[in-house]
Amino acid sequence: MNNPERRDKGLVYIADGQVMEEMLQCRKLLHKLNTIDCSDFEGIAAIVKELFGKSDGAFINPPFHCDYGSHIEVGKNFFANYNCTILDVGKVKIGDNCQMAPNVQIYTAGHPIHPASRNTAYEYGIDVTIGDNVWLGGGCIINPGVHIGDNAVIGAGAVVTKDIPDWSIAVGSPARVIRTITEEDRDKFFGGQTIDEEAWAHMQQMWAESDDPVKFPTKE
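These numbers were taken from a predicted model, which means no experiment stands behind them.

## Remarks on the overall build of the protein
Link 1 in the chain: Helix and strand content of the protein: five helices and 19 strands.
Link 2 in the chain: Seen along its three principal axes, the alpha-carbon backbone of the protein occupies a region of about 60 × 40 × 30 Å.
Link 3 in the chain: Looking at the protein alone, contacts between residues at least 24 apart form 27% of all its contacts between residues at least 6 apart.
Link 4 in the chain: Averaged over its 19 positive side-chain charges, the protein has a centre that lies 6 Å from the centre of its 31 negative ones.

## Here we look at the pairing of strand β19 (residues 176-180)
Link 1 in the chain: Relative to β19, strand β18 (residues 168-171) runs antiparallel, the two sharing four bridges. Looking at β19, one finds that Ile169 is bridged to Arg179.

## Re helix α3 (residues 41-52)
Link 1 in the chain: Between its first and last C-alpha, α3 extends 17 Å over twelve residues, near the 16 Å set by a 1.5 Å rise per residue.
Link 2 in the chain: Burial in α3 covers these residues: Gly43, Ile44, Ile47, Val48, Leu51 and Phe52. Viewed end-on, α3 has its buried residues packed into an arc of 160°, placing them on one side of the element.
Link 3 in the chain: The inward-facing, buried residues of α3 abut α2 (17-35), β2 (59-60), β3 (64-66) and β4 (72-74).
Link 4 in the chain: Immediately beyond the C-terminal end of α3, within one or two residues, lies Gly53, with a positive phi of roughly 90°.

## With respect to the side chain of Arg7
Link 1 in the chain: Turning to its location among the elements, Arg7 is positioned in helix α1 (residues 3-8).
Link 2 in the chain: According to the relative accessible area criterion, Arg7 is buried, its value standing at 3%.
Link 3 in the chain: Polar contacts involving the side chain of Arg7 include one to the side chain of Asp8, which spans 2.8 Å.
Link 4 in the chain: Not counting the four nearest positions on each side in its chain, Arg7 is found in contact with Tyr13, Val19, Glu22, Tyr68, His71 and Val89.

## Overview of the packing of α2 against α3
Link 1 in the chain: Running from amino to carboxyl end, α2 crosses α3 at an angle of 165°, the nearest separation of the two axes being 10 Å. Overall, the two elements α2 and α3 adopt an arrangement that is roughly antiparallel. In the crossing of α2 with α3, the sense of the turn from one axis to the other is left-handed. Residues Cys26, Leu29, Leu30, Lys32 and Leu33 of α2 touch α3, and the partners they reach there are Ile44, Ile47, Val48, Glu50 and Leu51.
Link 2 in the chain: Residues belonging to the contact of α2 with α3 are distributed by class as follows: eight nonpolar, no polar and two charged.

## Remarks on the environment of Gly95
Link 1 in the chain: Along the polypeptide, Gly95 turns up in the loop between β7 (92-94) and β8 (99-100).
Link 2 in the chain: Here the alpha-carbon distance between Gly95 and Phe78, two residues 17 residues apart in the chain, equals 8.0 Å.
Link 3 in the chain: Contact partners of Gly95, with chain neighbours within four places excluded, come to Gly75, Ile130, Gly131 and Asp132.

## Examining the sheet that holds strand β1 (residues 13-14)
Link 1 in the chain: On the basis of which strands lie adjacent, the open sheet formed by three strands has the order β1-β11-β10 and antiparallel pairing. Taken across any chain shown, the strands that pair with only one partner, and hence form the sheet edges, are β1 and β10 (109-110).

## Observations regarding the pattern of salt bridges
Link 1 in the chain: Taken as a whole, this structure holds seven salt bridges when the rule is applied.
Link 2 in the chain: We note a salt bridge from Asp8 to Arg7, for which the minimum N-O separation is 2.8 Å.
Link 3 in the chain: In this structure Asp8 comes out as exposed when scored by relative accessible area, which is 53%.
Link 4 in the chain: The closest approach of N and O atoms between Arg7 and Glu22, which form a salt bridge, is 2.9 Å. Residue Arg7 is located in helix α1, and its partner Glu22 is located in helix α2; the two are separated by 15 residues in the primary sequence.
Link 5 in the chain: Given a relative accessible area of 31%, Glu22 falls into the partly exposed group.
Link 6 in the chain: When salt bridges with common partners are traced through the structure, they connect Arg7, Asp8 and Glu22 into a single cluster.

Calculation notes
- Residues numbered from 1 in each chain as written.
- Predicted model: local features only at pLDDT ≥ 70, side-chain atom pairs only at ≥ 80, totals over all residues.
- Heavy atoms only, no water.
- Helix = DSSP H or I, 4+ residues; strand = E, 2+ residues; numbered from the N terminus.
- Contact = heavy atoms within 4.5 Å.
- Lys, Arg positive; Asp, Glu negative; His and termini not counted.
- Charge placed at Lys NZ, Arg CZ, Asp CG, Glu CD.
- Pairing = 2+ DSSP bridges.
- Expected span 1.5 Å × (residues − 1).
- Buried < 20%, exposed > 50% of the residue type's maximum accessible area, 1.4 Å probe, protein only.
- Arc of directions from axis to C-beta.
- Polar contact = N/O pair within 3.5 Å; in protein donor to acceptor, adjacent residues only side chain to side chain.
- Axes fitted to C-alpha atoms, helices over the stretch in contact; angles between N-to-C directions.
- Parallel < 35°, antiparallel > 145°, perpendicular 65-115°, else oblique.
- Left-handed = near helix turned anticlockwise from the far one by under 90°.
- Nonpolar A, V, L, I, M, F, W, Y, C, P; charged D, E, K, R; others polar.
- Salt bridge = Lys/Arg side-chain N within 4 Å of Asp/Glu carboxyl O.

Set out below in structure tokens:
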């Protein structure tokens, strides 16, 4: 196997000329994205679509950094805020309606633990999967191999080293689940404050008109 094939099978590989050529194409697009007029929203969206290969309403606030772009799959309405970094050596699959605060970092890349092996320049990439309706807080780090379930919230500064279940709030380093999101959270925002009546009425109207409202799990 050549090194791109080894990489894509999740095996250790060396970033040789073939690998670097793929990364070079990505860097050309990233340069366009990170130097564009930041008020050109349509232009930014077009570059994001070219970078990922497909997009349904995806938007990124530059600067943004990744290795390939083509290894990142996003669902509809994806949003990443300033200074997001995704090391997409392995595949990064992100569901619908996901939001990332500034300085989020997603790592699929890694190196052997033993220095003798590490110094050979072999490395690897392990896939990361993020479900639908996930919010990643500012400065959080998602490590290789992690699966984050649907409707989860990851607190600012968290370092996620293990899978996070659906409907969970996880915080800390290493991240730990502190509680489950419930229906009682629907009308709440920062610090447990209640959403005002005007906004709440508007939300209810939006839900009534939606073809895909968020459903809480049914209790048996």
